[in-house]
2 protein chains.
Amino acid sequence: MAKTRKQPRPKAETPKGFRDYFGAEVTQRAEMLNVIAAVYHRYGFDALESSAVETVEALGKFLPDVDRPNEGVFAWQEEDAAWLALRYDLTAPLARVYAQHRNDLPIPYRRYAMGPVWRNEKPGPGRFRQFYQCDADTVGSASMAADAEICAMLSDTLEAVGIARGDYVIRINNRKVLNGVMEVAGVLDPSDPEKFAHERGIVLRAIDKLDRLGPEGVRALLGKGREDESGDFTKGAGLGEDQVEVVLSFVLGKERIAEQLASIAEPAGKLNADWEAKYRSISETIEVGDRKSLSVDNQEFTNRLTCTYLRSIVDNSVVGAEGVAELEQIADLLAAQGYGPDRIVIDPSVVRGLGYYTGPVYEAELTFEIFDDKGRKRQFGSVAGGGRYDDLVKRFTGQAVPATGVSIGVDRLLAALREKGRITAQEIGPVVVTVMDRDRMADYQAMVAELRNAGVRAEVYLGNPKNFGNQLKYADRRNSPVAIIEGGDEKARGVVQIKDLILGAQIAQNATLEEWKERPSQFEVARGDLVAKVREILVAHDLGQA
Amino acid sequence: MAKTRKQPRPKAETPKGFRDYFGAEVTQRAEMLNVIAAVYHRYGFDALESSAVETVEALGKFLPDVDRPNEGVFAWQEEDAAWLALRYDLTAPLARVYAQHRNDLPIPYRRYAMGPVWRNEKPGPGRFRQFYQCDADTVGSASMAADAEICAMLSDTLEAVGIARGDYVIRINNRKVLNGVMEVAGVLDPSDPEKFAHERGIVLRAIDKLDRLGPEGVRALLGKGREDESGDFTKGAGLGEDQVEVVLSFVLGKERIAEQLASIAEPAGKLNADWEAKYRSISETIEVGDRKSLSVDNQEFTNRLTCTYLRSIVDNSVVGAEGVAELEQIADLLAAQGYGPDRIVIDPSVVRGLGYYTGPVYEAELTFEIFDDKGRKRQFGSVAGGGRYDDLVKRFTGQAVPATGVSIGVDRLLAALREKGRITAQEIGPVVVTVMDRDRMADYQAMVAELRNAGVRAEVYLGNPKNFGNQLKYADRRNSPVAIIEGGDEKARGVVQIKDLILGAQIAQNATLEEWKERPSQFEVARGDLVAKVREILVAHDLGQA
């Protein structure tokens, strides 16, 4: 109670780039995380919740000579001079946790984690500086079975949260195949890995733009460069025509299979005459975005076909061939578990931005169409991604530890379900017991207690009860299905009035005057029948159990 | 792939005062939060998740002339000069949210929130700088029904998470009664509220120490001062004997009721002859910590009795009498809903530390005994607390907005359930399919896929399969109930081996050699019976559904 100086009033605002989440936005996310956690758990993954705060040193994204290590993260210096920061993803903390606790953890260590992460980036429309991730990783296994398992689990997860089969596809590529392509195209020299780094950067960015620019745009960026519609010129990687062709062959794998297959005189690997005949028949049905047209019989061959095609491109690169062999293993393991290319497909156009991937990379894409801000149709796009990163723990321990994992963008996935109408943003509110007589608050409290004990969401109006209209307005704003009224007259007669607000709203919108009279939305029942009648109304509106 | 300079390896450590949570620690907390959210929801409270980051200005705990506002919070300055901080509780953000969104929110606004909060305090044993809170508040209602509702809900919540009735009590006091006592004791002058502020601080701290120091210790601190066992002297509030007696009468309410009741010649309020007779009979049965001995008939009178007693102390203070009237209202409302003093009791010794409370204050205490670090028995203590704070929103809007709410210490509540043995920290692991032949990984993956599709938590061993002993050690570390083995021989014969690891461990601990032979813990079944047999074993150990 010490005297305080007058201060200007603080602004009631979230910091720039942050937001609050209300009601259904919170509960729907919580339910989704519960569903995802159940799938991860069934796959043998254990929960991990690391602290939101890490030492900047452990996050390890920063250069030691930067005065303040706040590029991309929220960081601050403690009184003891240590720099701390909010985690920017769940993978960097996993590497720290594994290095710190590796003597106590089962190895391989399968873990899942879910929670907010923070990015100190420029906020934009729909881009926030705090958002949820939901990750699953297997640390300590070099087996391709670990990668295949994550992809299968991702497929199960998407279906569990309500994305129908056919509305998504998980696409797999391999960073080693990409490196093989770079080698064959002459922009990677295994004896001098740093050489051509600049060119490779341009090549990677060009591949990543395939969706947006199309094959000819990518071709231009791989060669001399590209002038966009506004006349701006982006300098290209400067590759020769043959080099460009190698990269494009790789990226456009699916489209090229049909044309190229005939020219593979002696396909490498396991092709035999029998298979080749099947490939030929399949190749005619393969089109990007049209995987549903594949019959089940053909599906197991599609991923193998892609592998065979990729081998034809990178067979002269040791690392490239290794990458193809890994993809073949993954395809076989998935086929054994019944995951065909209608769900999980090998697709060379997947690049994934993060530099730390060292083997298979994968991403989940929703294939249904939505309308963007400008009313144009487009595919919903990526909702999850991941891959193998064998060097992340090494930073701490000096020893390479193989690891692979996936991160689901929970908020994007929720947005997708809302777009599809699978969940609605508005929540049904509680039954509202109105207050007709403020001295009888105890009576009204007894009513809500009965309703709640029967499992019905209910509350007494706690505002100023003087204006009854305000109470009904409140019930409306709460999206309440039912309002209860007990005035002095009702009390004396041992009855209550029950207003069906949903029916009332329907009648108000649609009914003629005759119908209005015939279908009353307000019922008088004996006080003892209150709970039964309310439940009857809720059941009639599909909002409760009988 | 840019060249990086050699750097020293980062330390794999959580920052000081932070920790990681593994497996059951995470899932049990998540389950508890789900249970709590369900109760809050049933009471009509809506979910709110505000951002973890707030402007320092909005949190508003700081003086403007402090160079760096990091006392108690983690704060940092952005490039645009704004100071941001991690929230230290969920109440300050609620005030900001309400002020920011008040035109779009239903009023009164009932909301719940759950999540981590951060305190930049010196960490100690069991005290961490990140921990969970779980709050429910009603903003915009001055009605005592709002406070009563929160207490009833808190009672329901504790029972829903597994605290049996009788193992907890919710104690209610009122800051206004306390102020009335101060006034009567002569250390609060309504016409000059700042006077005696120093003395009142000492009085409040003294009352809060009743549990630890006992009545005589408090008496000393209210008077000249107290010398502790080590000889250190703490200066007291300097109250005279009569003043000390007023404060002690208040604090020791329960104990004094029996002695004092006789001296209340004409009790204020609603006492009549009939009631007084009942009070007299009840008064003899009341002892602190012995509320269970009250018969149900007597319970509704106990809280009223306390109110009558309190009125006898503070009746000369306007604010004190107002506080007693509020407590009476709460007691009546709770009685109407069936919450007697076996669950919720009016208790004058509750102070609550936070300065911002303005009316009723309440806390939930677990009454069962545990052993502390030194092997001494003590009550588990407080797990939740809250009260009415009518001035928090005013900081932003200039208008006082009445509000009341509770915060549950989720981690303490979890610790209590573990102490009581209601939940165990160790989780049952997945069924582990071992790898006898690494070329048949696809076969093993097919097995786990079958198990998972049947709802059984299962995984393939993904480490190096060369050493079979390591695989069983892994299953042991995972706390797996069952291991599956299929070598080349089994494959050829169309069977699998199923090891019941729980039974195996039991036999290894207890059985004689004869029993060992009679009760094999390993079974050979046809490959097609794999899932059925595993489920049979899980059901036998009470770990699954038939």
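Below you will find a few notes about this structure. Bear in mind the structure is a predicted one, so any value in this text is a computation, not a measurement.

Reading the values: the criteria
Residues numbered from 1 in each chain as written. Chains lettered and ligands numbered in written order. Predicted model: local features only at pLDDT ≥ 70, side-chain atom pairs only at ≥ 80, totals over all residues. Heavy atoms only, no water. Helix = DSSP H or I, 4+ residues; strand = E, 2+ residues; numbered from the N terminus. Buried < 20%, exposed > 50% of the residue type's maximum accessible area, 1.4 Å probe, protein only. Areas by Shrake-Rupley, 256 points an atom, 1.4 Å probe, with all protein chains shown as cover. Contact = heavy atoms within 4.5 Å. Buried area = accessible area lost by both parts, 1.4 Å probe. Salt bridge = Lys/Arg side-chain N within 4 Å of Asp/Glu carboxyl O. Polar contact = N/O pair within 3.5 Å; in protein donor to acceptor, adjacent residues only side chain to side chain. Nonpolar A, V, L, I, M, F, W, Y, C, P; charged D, E, K, R; others polar. Pairing = 2+ DSSP bridges. Phe/Tyr/Trp six-rings, centres within 6.5 Å; stacked < 30°, edge-to-face > 60°. Lys NZ or Arg CZ within 6 Å of the ring centre and 35° of its normal. Axes fitted to C-alpha atoms, helices over the stretch in contact; angles between N-to-C directions. Parallel < 35°, antiparallel > 145°, perpendicular 65-115°, else oblique. Left-handed = near helix turned anticlockwise from the far one by under 90°. Arc of directions from axis to C-beta.

As for the overall build of chain A
The number of helices and strands found in chain A is 20 helices and 19 strands. By the burial criterion, 54% of the 546 residues in chain A qualify as buried. Counting every atom, chain A has about 24,400 Å² of accessible surface; 48% of that belongs to carbon and sulfur.

Focus: the interface of chain A and chain B
Taken together, the 107 residues of chain A in the interface contact 107 residues of chain B. For the chain A and chain B pair, buried surface summed over both sides reaches about 9,000 Å², with 51% attributable to carbon and sulfur atoms. When residues of chain A are sorted by the area they lose upon contact with chain B, Glu49(A), Arg452(A) and Leu462(A) head the list and together hold 8% of the total. In this assembly, chain A and chain B are joined by 16 salt bridges. Across the salt bridge formed by Glu78(B) and Arg129(A), the nearest N and O atoms sit 3.6 Å from each other. On the surface where chain A and chain B come into contact, there are 57 residue pairs in polar contact (both at pLDDT 80 or more). The residue inventory of the side of chain A that touches chain B, partitioned by class, reads 48 nonpolar, 26 polar and 33 charged. Strand direction decides the pairing type here: strand S1 (residues 21-22) of chain A and strand S2 (residues 46-49) of chain B, joined by two bridges, are antiparallel.

Some details on the side chain of Asp156(A)
Residue and element names in this part refer to chain A. By secondary structure assignment, the location of Asp 156 is in helix H4 (residues 144-161). A residue is classified by how much of its surface remains accessible, and Asp 156, at 14% relative accessible area, is buried. Of the polar contacts made by the side chain of Asp 156, one reaches the side chain of Tyr 43; its length is 2.9 Å. In terms of polar contacts, Asp 156 uses its side chain to reach the side chain of Tyr 339, at 2.7 Å. Every residue in contact with Asp 156, bar those within four places of it in the chain, is listed here: Val 39, Arg 42, Tyr 43, Tyr 339 and Arg 343.

Things to note about the packing of aromatic side chains
Inspection of the entire model under this criterion finds twelve aromatic pairs over all chains. With centroids separated by 5.8 Å and ring planes inclined at 40°, the aromatic side chains of Phe18(A) and Phe74(A) adopt a geometry described as tilted. Taken together, the residues Phe18(A) in the segment before S1 and Phe74(A) in the loop between helix H2 (56-59) and strand S4 (75-77) connect sequence positions 56 residues apart. Chaining the aromatic ring pairs together yields one cluster made of Phe18(A), Phe74(A), Trp76(A), Phe18(B), Phe74(B) and Trp76(B). Over the ring of Tyr21(A) we find Arg29(A), and its NZ or CZ is 4.5 Å from the ring centre. Residue placement shows Arg395(B) over the ring face of Phe396(B); its charged tip is 4.9 Å from the ring centre.

Things to note about the pattern of salt bridges
Counted by the stated rule, this structure contains 72 salt bridges over all chains. In this structure, Arg96(A) and Asp20(B) form a salt bridge, with 2.7 Å as the shortest nitrogen-oxygen distance. In this pair, Arg96(A) is assigned in helix H3 (residues 91-101) and Asp20(B) in the segment before strand S1 (21-22), connecting two distinct chains. Comparing Arg96(A) with Asp20(B), the two get one shared label, buried. Measuring nitrogen to oxygen at the nearest pair gives 3.3 Å for the salt bridge that ties Arg219(B) to Glu216(B). In this pair, Arg219(B) and Glu216(B) are both assigned in helix H7 (residues 210-222), three residues apart and thus about one turn of the helix distant. Under the relative-accessibility criterion, Arg219(B) is labelled partly exposed at 30%. Through salt bridges with shared partners, a single ionic network connects Asp46(A), Arg110(A), Glu149(A), Arg452(B), Arg457(B), Glu459(B) and Arg478(B).

Concerning unusual backbone geometry
Looking along the chain, the bond that leaves Ile107(A) and enters Pro108(A) is cis, with omega of 5°. Note on placement: Pro108(A) falls in the loop between H3 and strand S6 (109-118). The phi torsion at Phe196(B) lies on the positive side, around 65°, for a residue other than glycine. When you line up the elements, Phe196(B) lands in the loop between helix H5 (175-184) and helix H6 (197-208).

Let's talk about the packing of H5(B) against helix H12 (residues 318-336) of chain B
A packed helix pair is summarised by two numbers, namely the angle formed by the two axes and the spacing between the axes. Residues and elements named next belong to chain B. Between H5 and H12, whose axes approach to 7 Å, the crossing angle comes to 150°. In terms of orientation, H5 lies roughly antiparallel with respect to H12. Our pair here, H5 against H12, has a crossing hand that is left-handed. Residues Lys 176, Val 177, Asn 179, Gly 180 and Glu 183 of H5 form the contact with H12, whose participating residues are Val 318, Val 319, Gly 320, Glu 322, Gly 323, Val 324, Glu 326 and Leu 327. Its residues assigned to classes, the contact of H5 with H12 comprises five nonpolar, four polar and four charged.

Quick look at the sheet that holds strand S19 (residues 522-526) of chain A
Within a sheet, adjacent strands bond to each other through the backbone by hydrogen bonds, running parallel or antiparallel. All names here are of chain A. The five strands are arranged S16-S15-S17-S18-S19 in an open sheet whose pairing can be described as mixed. Single-partner strands in this sheet number two, and they are strand S16 (458-460) and S19. On average, each strand axis in the sheet is tilted by 25° relative to the strand beside it, whichever way the strands run. Both strand S17 (residues 482-485) and strand S18 (residues 495-500) contribute to a ladder of four bridges, which runs antiparallel. Looking at the pairing, Ile 484 lines up with Ile 498 of S18. Against the sheet, helix H15 (residues 441-453) contacts strand S15 (431-433), S16, S17 and S18, and its axis sits at roughly 175° relative to S16.

So, helix H14 (residues 410-419) of chain A
All names here are of chain A. All buried positions along H14 are accounted for by Val 410, Leu 413, Leu 414, Ala 416 and Leu 417. Considered in projection along H14, the buried side chains sweep an arc of 155° and stay on one side of the axis. Considering only its buried residues, H14 is in contact with helix H1 (24-42), strand S7 (130-139), H4, strand S12 (360-371), strand S13 (377-388) and strand S14 (403-409). Phi turns positive one or two residues past the end of H14, at Gly 421, with a value near 75°.

Note that all results are geometric; they support no functional claim without further evidence.
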